[in-house]
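Each chain is listed here by its residues.
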Amino acid sequence: GLGLTNTKDGNFGEWYSEVVTNGEMIEYYEISGCYILRPWTMAIWEEMQNFFDPEIKKMKIKTCYFPLFVSNTVLQKEKDHIEGFAPEVAWVTRSGDSDLEVPIAIRPTSETVMYPYFSKWIRGHRDLPLKLNQWCNVVRWEFSNPTPFIRSREFLWQEGHTAHATKEEADTEVLEILELYRRLYEEYLAVPVVKGKKSEMEKFAGGLYTTSVEAFIPNTGRGVQGATSHCLGQNFAKMFDINFEDEKGERAMVWQNSWAYSTRTIGVMVMVHGDDKGLVLPPKVSAVQVIVVHVPYKDADVKEIINACSATVKTLCDLGIRAEADLRENYSPGWKYSHWEMKGVPLRIEIGPKDLANNQVRAVRRDNGEKIDIPMAELGDKVKSMLDTIQQSMFDVAKQKRDACIQVTKTWDEFIEALGQKKLILAPWCDEEEVEKEVKTKTKGETGAAKTLCSPFDQPEMPEGTLCFASGKPAKKWTYWGRSY
Ligand SMILES: O=C1CCCN[C@@H]1CCCn1cnc2ccccc2c1=O
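Residues numbered from 1 in each chain as written. Predicted model: local features only at pLDDT ≥ 70, side-chain atom pairs only at ≥ 80, totals over all residues. Heavy atoms only, no water.

1. Topic: the environment of G465
Along the chain, the position of G465 falls in the loop between β22 (451-456) and β23 (477-484). C-alpha of G465 to C-alpha of A475: the two residues are ten residues apart in sequence and 7.8 Å apart in space. (Helix = DSSP H or I, 4+ residues; strand = E, 2+ residues; numbered from the N terminus.)

Structure below.
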């Protein structure tokens, strides 16, 4: 049949896999950890790009494209950057039946691909700032359990790489990009996120500091890193000799940033909004925002109803609404309702003989099932405002659910209890890495250890004498903790 066999609260992992497959977003592929991204997915990816790319173009960031392949020598250049990641690097060792002289790596990220050329292109301060972005795939041969969109061996992303004359300029851009990521999640995917700074242990080892937007999945009680914006400091400039002659004629190293969001964003959106009937897509990113279905009646004039459906689609499309009609006569209305609910189309419009007689249509919201009769004369305005209402409501509901999971804890016992209750924990921390490591060790279990997710920029009051929940030492910052993907 059409329905899901798993429920979201029953078996989340199985539910998620069914929803992305039945919703025709993903097709499982013969190679583990790799997935086929079907048009229903790519339409969402493209809507996100339609927001993000113009925004970075306003920041004078230009599109480039660097090769997929990295030489071993250059990949090994940044030791502490690569050592933790080495096992994930995929290598080309042969072509045809002959071995390559020297194995070639497939990019897991492009710092080492790009930065030798940054060094070549940047001579004087007039060459700065250099700001490039590429839309591409990357490969990381991970072994932990693959999950469509969330953790795959190949994924699509954008990776921005910029070089600046001053740290101030770099710092400013890090936060500008992070704000775009927040907007992507909250205004397009309707997913609430927390902006914050990663701990020294969780940050990108090759960088100076990492900022991120952190999402949370209430059903699993897991945090998920939504997107990252790193300030690399001058680490890579030192490694790759990227320096310039400043106004005073002195040699100075550039200050760099790198930032990315990936197709993981789509998985987060599905996990947050999906329900037991399938996908629930935010109108701003859905390929189809309105699906029009005709309800034929035994002796009613079906042609007239079908004409009304086509006219409705035209009216909506002329207003820039992504509307389609499902007029297939070999499927029943009921079958179509289930099908388009599974695909998460935000709004369904039904037109039957009664609606025609009353010169109205019946609109049904996917997010909360609400049914509303709309007079034909008000169709365009009403549908437009309903789509805006659905977008906002999906965010509000998701935020209310996420906020209900936040638990402030001040002691170890409270922390452990909250962790067991799948909470997103906000706790005062002494900011010592040894303590962070100890929390990880002490919470190791089959469902994974607790780790710091980020220290929110929006810090609550910390009364004098507040102690770290784990070490009892004077606390320095409020930090979000939890299990994560
Ligand atoms: O996040 C970003 C934003 C975009 C550009 N890259 C940075 C940092 C990537 C960190 N990283 C992540 N996995 C890796 C896997 C293998 C080799 C290297 C790496 C690696 O450097």
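2. A word on the sheet that holds strand β17 (residues 347-351)
With mixed pairing, five strands are arranged side by side in an open sheet as β16-β15-β17-β18-β19. Only two strands of the sheet have a single neighbouring strand rather than two, namely β16 (323-326) and β19 (371-375). Taken pair by pair, the neighbouring strands of this sheet meet at an average axis angle of 25°, ignoring direction. (Pairing = 2+ DSSP bridges. Axes fitted to C-alpha atoms, helices over the stretch in contact; angles between N-to-C directions.)

3. Focus: the pattern of salt bridges
For the coordinates displayed, the defined rule picks out 33 salt bridges. K167 is paired through a salt bridge with D171; the nearest N and O atoms lie 2.7 Å apart. Of this pair, K167 and D171 both sit in helix α6 (residues 167-188), four residues apart, which is roughly one turn of the helix. Given the relative accessible area of 26%, K167 is considered partly exposed. Between K195 and E179 there is a salt bridge, with the nearest N and O atoms lying 2.5 Å from each other. Here E179 lies in helix α6 and K195 lies in strand β9 (residues 194-197), a separation of 16 residues in the sequence. Judged by its relative accessible area of 25%, E179 falls in the partly exposed class. Within this structure, E179, R182, R183, E186, E187 and K195 form a network of salt bridges that share partners. (Salt bridge = Lys/Arg side-chain N within 4 Å of Asp/Glu carboxyl O. Buried < 20%, exposed > 50% of the residue type's maximum accessible area, 1.4 Å probe, protein only.)

4. Some points on the packing of helix α1 (residues 12-22) against helix α8 (residues 264-273)
For the pair α1 and α8, the least separation of the axes is 11 Å and the interaxial angle reads 115°. By the angle between their axes, α1 is roughly perpendicular relative to α8. The chirality of how α1 crosses α8 is right-handed. For the pair formed by α1 and α8, the contact residues are F12, W15, Y16, V19 and V20 on the first element and G267, V270 and M271 on the second. A per-class count over the contact of α1 with α8 returns seven nonpolar, one polar and no charged. (Parallel < 35°, antiparallel > 145°, perpendicular 65-115°, else oblique. Left-handed = near helix turned anticlockwise from the far one by under 90°. Contact = heavy atoms within 4.5 Å. Nonpolar A, V, L, I, M, F, W, Y, C, P; charged D, E, K, R; others polar.)

5. Some details on the nonpolar core
Of all hydrophobic cores here, the largest spans 56 residues; its most connected members are M25, F52, Y261 and V268. Those residues in contact with F52 that lie beyond four places of it in its chain are W135, Q158, L180, Y181, W259 and Y261. (Core = buried A, V, L, I, M, F, W, Y, C linked by side-chain atoms within 4.5 Å.)

6. Re the sheet that holds strand β6 (residues 98-106)
The strand order β4-β6-β5 describes an open sheet built from three strands, whose pairing is antiparallel. Of all the strands in the sheet, the pair left with one neighbour each is β4 (69-71) and β5 (91-95). Ignoring which end each strand starts from, the neighbouring axes of this sheet average 50° apart. One ladder, built from three bridges, connects β4 with β6; its direction is antiparallel. By the bridge assignment, F69 is partnered in β6 with I106.

7. Observations concerning the packing of helix α9 (residues 302-318) against helix α12 (residues 379-405)
The geometry of α9 relative to α12 is characterised by a closest axis approach of 10 Å and an angle of 65° between their N-to-C directions. Considering only the axes of α9 and α12, their crossing is right-handed. Counted together, T312, T315 and L316 of α9 and L379, G380 and V383 of α12 form the full contact between these two elements. Here the residues of the contact of α9 with α12 sort into three nonpolar, three polar and no charged.

8. Structural notes on the confidence of the model for the protein chain
Averaged over every residue, the pLDDT of the protein chain is 97; the share at 70 or more is 100%. Confidence metrics for the complex model read pTM 0.98 and ipTM 0.99. (pLDDT = per-residue confidence, 0-100.)

9. With respect to the environment of K451
As for its placement among the helices and strands, K451 is situated in strand β22. Taking the C-alpha atoms as reference, K451 lies 7.3 Å from V439; in sequence the two are twelve residues apart. Among residues more than four places away in sequence, those in contact with K451 are E202, K440, Y480, W481, G482 and S484. Looking at K451, its side chain comes within polar contact range of the side chain of S484, at 3.5 Å. (Polar contact = N/O pair within 3.5 Å; in protein donor to acceptor, adjacent residues only side chain to side chain.)

10. So, the site of the ligand
Inspection of the region around the ligand gives 16 residues, with H81, F85, T109, E111 and H230 positioned closest. Within the side chain of H230, an N or O atom sits 2.9 Å from an oxygen atom of the ligand. Protein burial of the ligand: of its 480 Å² of free accessible surface, 94% is covered by the chains. Of all the secondary-structure elements, those providing two or more residues to the shell around the ligand are α4 (79-82), β8 (154-164), β11 (222-233) and β14 (255-262). Among the elements that line the shell around the ligand, the one with the most residues is β14, at three residues. Of the residues assigned to the shell around the ligand, the class counts are seven nonpolar, six polar and three charged. (Near = heavy atom within 4 Å. Areas by Shrake-Rupley, 256 points an atom, 1.4 Å probe, with all protein chains shown as cover.)

11. A closer look at the pairing of β14
The buried fraction of β14 amounts to eight of the eight residues, a majority that puts the element mostly inside the structure. Going residue by residue along β14, you find W255, N257, W259 and Y261 tucked away on one face and Q256, S258, A260 and S262 tucked away on the opposite face as well. Taken together, the eight bridges between β8 and β14 define a ladder with antiparallel strand orientation. Counterpart to E159 in the pairing with β14 is A260. Where β11 lies against β14, five bridges are found, and the strand directions are antiparallel. Looking at β14, one finds that H230 is bridged to S258.

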